Amino acid sequence: IGRSVGAALAMGNACVLKGGSDGLESNRALVKLLHQAGSAHGLPDGFAEFVDSADRAAVTALLRQEDFIDVIVPRGGESLIRAVVEESRIPVIRQYKGVCHTFVDETADLEMAARIAVNAKVSKPSACNAMETLLVHAKVAAAFLPAVARDLAAQGVELRGCERTHAL
């Protein structure tokens, strides 16, 4: 949500956000925080609106609002994006594949980071937010990479990296 709102605001636009049912509570909380922050910084009311519904019919209704919405930027799996493109009466900016990175900092709990990295890659690899790149701070790479590489390989993940990464 944050990236969508940031991009809209940077271009002088408002945005209407519609999340999926699995993130409804999180999206509701995030939009509440956005409204508080926007109000504190002088942004106009309505700079970010939220469709507080898990009903898929709400998406179809949004896609028919060509008099009020200039562009749709769908975020989700490939099937959702294709459905939006087919149904929309509004221009759609689409990207079928995400660009998702996970960064492991030198101060990270490495066991937790490994669990997060494996989950980010294998829990739903077709999702737009599936991890594509694992970036690891050089100070913890030797301790972190061998273990996470074993865990990822055990899940059938093909690993790629520079010579230094392969050496570890």
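Look above for the structure.
Reference entry: report on the structure contained in this document. These numbers were taken from a predicted model, which means no experiment stands behind them.

**Points about the overall build of the chain**
- Of the regular secondary structure elements, the chain holds seven helices and four strands.
- Sequence-ordered secondary structure for the chain, helices as α and strands as β, is α-β-α-β-α-α-β-α-β-α-α.
- For the chain, the C-alpha radius of gyration of 19 Å lies well beyond 15 Å, the compact-globule estimate for 168 residues.
- Taken over the C-alpha atoms alone, the chain extends approximately 55 × 40 × 25 Å along its principal axes.
- By the burial criterion, 27% of the 168 residues in the chain qualify as buried.
- Within the chain, residue pairs in contact and separated by at least 24 positions form 57% of the contacts whose partners lie at least 6 positions apart.
- In the structure as shown, the chain presents an accessible area of about 11,200 Å², 53% of it carried by carbon and sulfur atoms.

**Overview of the nonpolar core**
- Val104, Val136, Phe144, Leu145, Val148 and Leu152 are the most contacted members of the largest nonpolar core, which has 14 residues in total.
- For this core, the secondary structure elements donating two or more residues are α5 (110-122) and α6 (138-154).
- Per-element accounting of this core gives the leading share, six residues, to α6.
- Apart from residues no more than four positions distant in its own chain, Val104 is found in contact with Leu110, Ala113, Leu134, Leu135, Val136, His137, Val140 and Phe144.

**A word on the packing of α5 against α6**
- Put simply, α5 and α6 touch, their axes get as near as 10 Å, and they point 40° apart. Between α5 and α6, the angle falls in the class oblique. The crossing of α5 and α6 is right-handed. Taken together, the residues of α6 that come into contact with α5 (itself represented by Leu110, Ala113, Ala114, Ala117, Val118 and Lys121) are Val140, Ala143, Phe144, Val148, Asp151 and Leu152.
- Classifying every residue of the contact of α5 with α6 by side-chain character gives 10 nonpolar, no polar and two charged.

Thresholds, definitions, all that
- Residues numbered from 1 in each chain as written.
- Predicted model: local features only at pLDDT ≥ 70, side-chain atom pairs only at ≥ 80, totals over all residues.
- Heavy atoms only, no water.
- Helix = DSSP H or I, 4+ residues; strand = E, 2+ residues; numbered from the N terminus.
- Rg over C-alpha atoms; globule rule 2.2 N^0.38 Å.
- Buried < 20%, exposed > 50% of the residue type's maximum accessible area, 1.4 Å probe, protein only.
- Contact = heavy atoms within 4.5 Å.
- Areas by Shrake-Rupley, 256 points an atom, 1.4 Å probe, with all protein chains shown as cover.
- Core = buried A, V, L, I, M, F, W, Y, C linked by side-chain atoms within 4.5 Å.
- Axes fitted to C-alpha atoms, helices over the stretch in contact; angles between N-to-C directions.
- Parallel < 35°, antiparallel > 145°, perpendicular 65-115°, else oblique.
- Left-handed = near helix turned anticlockwise from the far one by under 90°.
- Nonpolar A, V, L, I, M, F, W, Y, C, P; charged D, E, K, R; others polar.

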